[in-house]
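Commentary on secondary and tertiary structure
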Amino acid sequence: MLDNLFEHPEFREHRYWRRQRYTTNETIITEGRQGRELFLVRHGMVRVTGCAQLEQGGAIHPGFCDLGPGNVFGEVGLLPGLTRMATVIAVMDCELAVIDGAGLLEFFDAYPGVGYRVMLAMYEQTANRLDQTNRQLLRLLAWGLRVHKIEDHLGTGSGVAGAASQLTRKAG
């Protein structure tokens, strides 16, 4: 996704980005905190996790996905005022390119052709992740309906119950 960016002679290390190493289980970004950086995995693997509050007062931290070399995360760092939507930890020792969000937008202003291609690729990645998240959510809903025997009372027509029921049968 960022190949065009890192190949550009003016997108210099220490000006727009820096290399940073993280050790296994080290937190890279934390859900709810602000940050103006985005990250490219150069070597190693990271895990994107969330925090689900339980009714009993505890919390669990499920992993949404693992990202390896070439994957980008933390894109919300391009948008001032937004907080991180997930926590990301190193699954193994890794090296990341840490990209300054404000500097990147400045670079895009100077080189709009490169900026357009990179933003288009990030938009495509975001759309793919949203689609994957929607599918996971529907599978989870279908599972919950099946386990609690609620789907029998909702029917299998249209809407969430129908979609969840269809996914239940496909996941089967």
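Residues numbered from 1 in each chain as written. Predicted model: local features only at pLDDT ≥ 70, side-chain atom pairs only at ≥ 80, totals over all residues. Heavy atoms only, no water.

A separate point is the sheet that holds strand β9 (residues 87-90). Judged by pairing direction, the sheet is antiparallel, and its four strands sit side by side in the order β2-β9-β4-β7 without closing on themselves. With one partner strand each, in any of the chains shown, β2 (27-29) and β7 (63-67) form the two edges of the open sheet. Along the sheet, successive strands turn relative to each other by an average axial angle of 30°, direction set aside. Here strand β4 (residues 46-49) runs beside β7; their pairing, made up of four bridges, is antiparallel. Pairing of Thr49 across the sheet is with Gly63, part of β7. (Pairing = 2+ DSSP bridges. Helix = DSSP H or I, 4+ residues; strand = E, 2+ residues; numbered from the N terminus. Axes fitted to C-alpha atoms, helices over the stretch in contact; angles between N-to-C directions.)

As a further point, take the environment of Val76. Topologically, Val76 is positioned in the loop between β8 (72-73) and β9. With a relative accessible area of 14%, Val76 lands in the buried category. On a C-alpha basis, the gap between Val76 and Gly101 in space is 8.9 Å, while along the polypeptide they are 25 residues apart. Apart from residues lying up to four places away in sequence, Val76 is in contact with Leu82, Thr83, Arg84 and Met85. (Buried < 20%, exposed > 50% of the residue type's maximum accessible area, 1.4 Å probe, protein only. Contact = heavy atoms within 4.5 Å.)

A separate point is the packing of aromatic side chains. For the coordinates displayed, the defined rule picks out seven aromatic pairs. Geometrically, the ring pair formed by Phe11 and Phe107 is edge-to-face, given 5.1 Å between the ring centres and 70° between the ring planes. Placement of Phe11 in the loop between α1 (3-7) and β1 (17-22) and of Phe107 in helix α2 (residues 101-110) is noted, with a sequence separation of 96 residues between them. Per residue, the accessibility class of Phe11 equals that of Phe107, and both read buried. Here Phe107 and Tyr111 contribute two aromatic rings whose centre-to-centre distance is 4.8 Å and whose plane-to-plane angle is 35°, an arrangement assigned as tilted. Linked through ring pairs, Phe6, Phe11, Tyr16, Trp17, Phe107 and Tyr111 together constitute an aromatic cluster. (Phe/Tyr/Trp six-rings, centres within 6.5 Å; stacked < 30°, edge-to-face > 60°.)

Below, the discussion takes up the pattern of salt bridges. Enumeration over the complete set of coordinates arrives at ten salt bridges. Among the ionic pairs, Asp66 bridges to Arg47, the shortest N-O distance being 2.6 Å. One end of the pair, Asp66, is in strand β7; the other, Arg47, is in strand β4, with 19 residues separating them in the sequence. Overall, the relative accessible area of 31% leaves Arg47 in the partly exposed class. Overlapping salt bridges, with partners in common, bring together Glu13, Arg19, Arg21, Arg42 and Glu95 in one network. (Salt bridge = Lys/Arg side-chain N within 4 Å of Asp/Glu carboxyl O.)

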